[in-house]
Amino acid sequence: MSRLQVVSGKGGTGKTTVAAALALALATEGKRTLLVEVEGRQGIAQLFETEALPYEERKIAVASGGGEVYALAIDAERALLDYLQMFYKLGSAGRALKKLGAIDFATTIAPGLRDVLLTGKACEAVRRRDKKGAYVYDYVVMDAPPTGRITKFLNVNDEVAGLAKFGPIHNQAQAVMRVLKSPETAVHFVTLLEEMPVQETADGVAELRAAELPVGKVLVNMVRPQLLDEEALRAAAGERRTAVAQALSAAGLGGARRGGHAERLVDPLLEQAAEHAQRVELEREQREALAGIGLDTYELPMLGEGLDLAGLYRLAAALRTHLGADRAQGAA
Amino acid sequence: MSSQERRARETGLDTVPVLDTVPVLDVDPLLDDPATRIIVCCGSGGVGKTTTAAALGVRAAERGRRAVVLTIDPARRLAQSMGIDSLDNVPRRVKGIDEGAGGELHAMMLDMKRTFDEVVEANAAPDRARAILENPFYQSLSAGFAGTQEYMAMEKLGQLRARDEWDLIVVDTPPSRSALDFLDAPKRLGSFLDGKFIRVLMAPAKVGGRAGMKFLNVGMSMMTGTLSKLMGGQLLRDVQTFVAAMDTMFGGFRTRADATYRLLQAPGTAFLVVAAPERDALREAAYFVERLAAEEMPLAGLVLNRVHGSGAPQLSAERALAAAENLGQRGIVDQGDGNAGPRGSSTAASPETPRTTARGGAEDTRTEDTQSEGTQPEDTHAEGDGEVADDVAQLTAGLLRLHAERMQVLAREQRTRDRFTALHPEVAVTEVAALPGDVHDLAGLRDIGERLSHR
């Protein structure tokens, strides 16, 4: 299991939620994980129903079995100043840079520098050890930029290493790249069983592979249960109206005669079944397309009541089941 | 809110919203008004912005406008269906549009790097432009770090507007995580390219490199020294050369960013905030509504995509599950008493949501339903105890579980919507019913257009 878990995905697929659930899932049995946010949206704070996260690693949740989840919202400007301080002991020069707008420039405009700082900070957390030499965090989970930007984001250190051909930035970029391209890292894609997210996932996986970055798993989010089997769906589409009306009536939903309460339910229910059938068919196609990518796939259930903290723990439990199954398979 | 109003809202979900407290957004007058020159579709990622923009373009054109749609990152098949899958950064006329009303549709997909190159070429002498385009620093700047796409989308909008060939421009906005980025990025980029720091960077290059350093004060030389140490001398030189070459254009960037900003505030511009009935998307939408107000940018309304409806809202999720349970038991043990389904105990259908939070309206309906049946006892009893074949029982139970799931979705969507409406009751809303699949042809876009305008 790689120690840096990067979670990407198309907008609207629940990337942040899945990243948080993964951090919870990996924290079980006394492990400690760090959940890292890089886009400054405070999505993690909203998810865990806490106030906005400062630029500081802070415990936000306890997982079953005594594990802990820490969270960090990385701020590029603060990360740069830290970094300058750490490597160059730049007290006043750092402040002068800030005054001139150089820090702003570096973190917003200088190509990729922002991304270098963000990935750099995450890699630092992965490598950090305590006094006894043990890793401070067992896993670091990153809520990463969306699928369309992920390869550029992770590969930016290569780009910067090319731009800055020597010097400390070059060295730093190289060091970060060594972590990102090693088996220590796994990049997962969150998708839905819909055409565009699946297509973007396929494109994203191809891009990552081309950049020789380690591809992890496909995490299919919001999977709805298939409530009617194929046969029933065909039957529903056929001439079973009267029988269905009678069954509804028998279940206590009113009269089956024409215009009765039960009879009036038949059309809307059959219409919903037809939509369901169409959706099931589309989902089947998308599952096939995902299978074509050739990665392991985890399916996560749709939370009918929307997402709250309890839902997050349920998603974490679902992920844990998948992880456990993988581990058992690995052992066998 | 009374339960009656709630119910009215439920029943109206898949047609026209009937709630009279929320103003309804009618897109047709907006599209038809010759004073509407720009429509900006914004919202968080994954809510159907691009599809909405394309559908509005098709509808406007077929209603007689000369329209152009600027899309940022369309799905491949949608782009193909509009004939804009080739990236050449110019609008193409879309075939297959009904031009009977005198309109036409052009469409294009933004090429960010190309747009940036064009800005450079248009604003610098040829040799200087070449120096810029070949600079490694420029190449990675233009190929896309956060902000360039937003800036270039607005730049392209400005260009299209300046050409004045179209009487309506529909713009999609970049798939930013935060819908607000696209308002901020142009200003940010403009002010940086124009700013103090760039001038400092440029100073040594301007006065002849290292030799000129002694004219700068000590702090400054310490700073460039620091930068050189940090970035490596060669990167700093690349940046300096780039900045020197861009010198003539700096004022231009600022001016252009300001002009685009004013264009967005102009009376002919209308913003449509696009969202799906999900918590995050609507939260972003609420931020955007507030931000537009703060920036004095004209908001036309909210497009709420992927709204679910049901033809049988009178049957609550809870009651449907109870009935399904009842039928399921019949199927297995052929239980005689059909009316004794254990209420609320059927958790099998949806393990994630064992209990439905039955809302006021649904509860009321149930009571009413039971009462009305109470007046016709023969209805319930004569047919209620009838024999039901196993397969029909299973099928019907499945239909009921499906309905329960749908009602839960409806309830959830309504709650998220209510939250938005409570914050912004003044915002006009148009709802677009959820489609089972993606849209990738003109017929699909036309269909969305109909749904947008409730025709």
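Note that the structure is predicted; figures quoted are calculated from it, not measured. (Residues numbered from 1 in each chain as written. Chains lettered and ligands numbered in written order. Predicted model: local features only at pLDDT ≥ 70, side-chain atom pairs only at ≥ 80, totals over all residues. Heavy atoms only, no water.)

## Looking at the sheet that holds strand β1 (residues 38-42) of chain B
Think of a sheet as strands paired side by side through backbone hydrogen bonds, with each pair either parallel or antiparallel.
Residue and element names in this part refer to chain B.
Logical step 1: With mixed pairing, the eight strands of this open sheet are ordered in space as β3-β4-β2-β5-β1-β6-β7-β8. This sheet does not close on itself; its edge strands, each paired only once, are β3 (92-93) and β8 (429-433).
Logical step 2: Relative to strand β6 (residues 269-275), β1 runs parallel, the two sharing five bridges. Its bridge partner lying in β6, Cys-41 is registered against Leu-272.
Logical step 3: Seen against the sheet, helix α3 (residues 49-62) touches β1, β2 (66-71), β4 (104-109), β5 (168-172), β6 and β7 (299-307) and runs at an angle of roughly 165 degrees to β5. (Pairing = 2+ DSSP bridges. Helix = DSSP H or I, 4+ residues; strand = E, 2+ residues; numbered from the N terminus. Contact = heavy atoms within 4.5 Å. Axes fitted to C-alpha atoms, helices over the stretch in contact; angles between N-to-C directions.)

## A word on the side chain of Lys156(B)
Logical step 1: For Lys156(B), the position within the fold is in helix α8 (residues 148-163).
Logical step 2: Residue contacts for Lys156(B): discarding those within four places in its chain leaves Leu70(B), Asn89(B), Met108(B), Leu110(B), Thr115(B) and Glu118(B).

## Some words on the sheet that holds strand β6 (residues 185-191) of chain A
Residues and elements named next belong to chain A.
Logical step 1: Taken together, eight strands build an open sheet; the order of strands is β3-β4-β2-β5-β1-β6-β7-β8 and the sheet is mixed. At either end of the open sheet lies a strand with only one pairing partner, and these are β3 (58-62) and β8 (297-301). This sheet shows a mean twist of 25 degrees between the axes of neighbouring strands, independent of strand direction.
Logical step 2: As defined by bridge partners, β6 adjoins strand β7 (residues 215-223) across four bridges and the pair is classed as parallel. From the neighbouring strand, Val-190 faces β7, where its bridge partner is Leu-219.
Logical step 3: Sitting on the sheet, helix α6 (residues 113-127) touches β1 (4-9), β2 (32-37), β4 (68-73) and β5 (139-143), and the angle it makes with β5 is about 160 degrees.
Logical step 4: Running at roughly 165 degrees to β6, helix α9 (residues 195-210) makes contact with β6 and β7 of the sheet.

## Regarding the domain arrangement of chain A
Note: interface size is frequently given as the accessible area lost on complex formation between the parts.
Residue and element names in this part refer to chain A.
Logical step 1: With domains assigned, chain A is organised as domain 1 (4-224 + 302-331) and domain 2 (227-295).
Logical step 2: Between domain 1 and domain 2, the residue contacts involve 15 residues of the former and nine residues of the latter.
Logical step 3: Here domain 1 packs against domain 2, burying approximately 1,100 Å² in sum over the two surfaces, 68% of which is carbon and sulfur.
Logical step 4: By the criterion of area lost to domain 2, the three top residues of domain 1 are Leu-193, Val-198 and Arg-224, representing 52% of everything that side buries.
Logical step 5: Between domain 1 and domain 2 we count one residue pair in polar contact (both at pLDDT 80 or more) in total.
Logical step 6: Going through the elements one at a time, α9 and β7 are the ones with two or more residues in the side of domain 1 that touches domain 2.
Logical step 7: Taken together, the residues of the side of domain 1 that touches domain 2 sort by class into eight nonpolar, three polar and four charged. (Domains from an automatic or database assignment. Buried area = accessible area lost by both parts, 1.4 Å probe. Polar contact = N/O pair within 3.5 Å; in protein donor to acceptor, adjacent residues only side chain to side chain. Nonpolar A, V, L, I, M, F, W, Y, C, P; charged D, E, K, R; others polar.)

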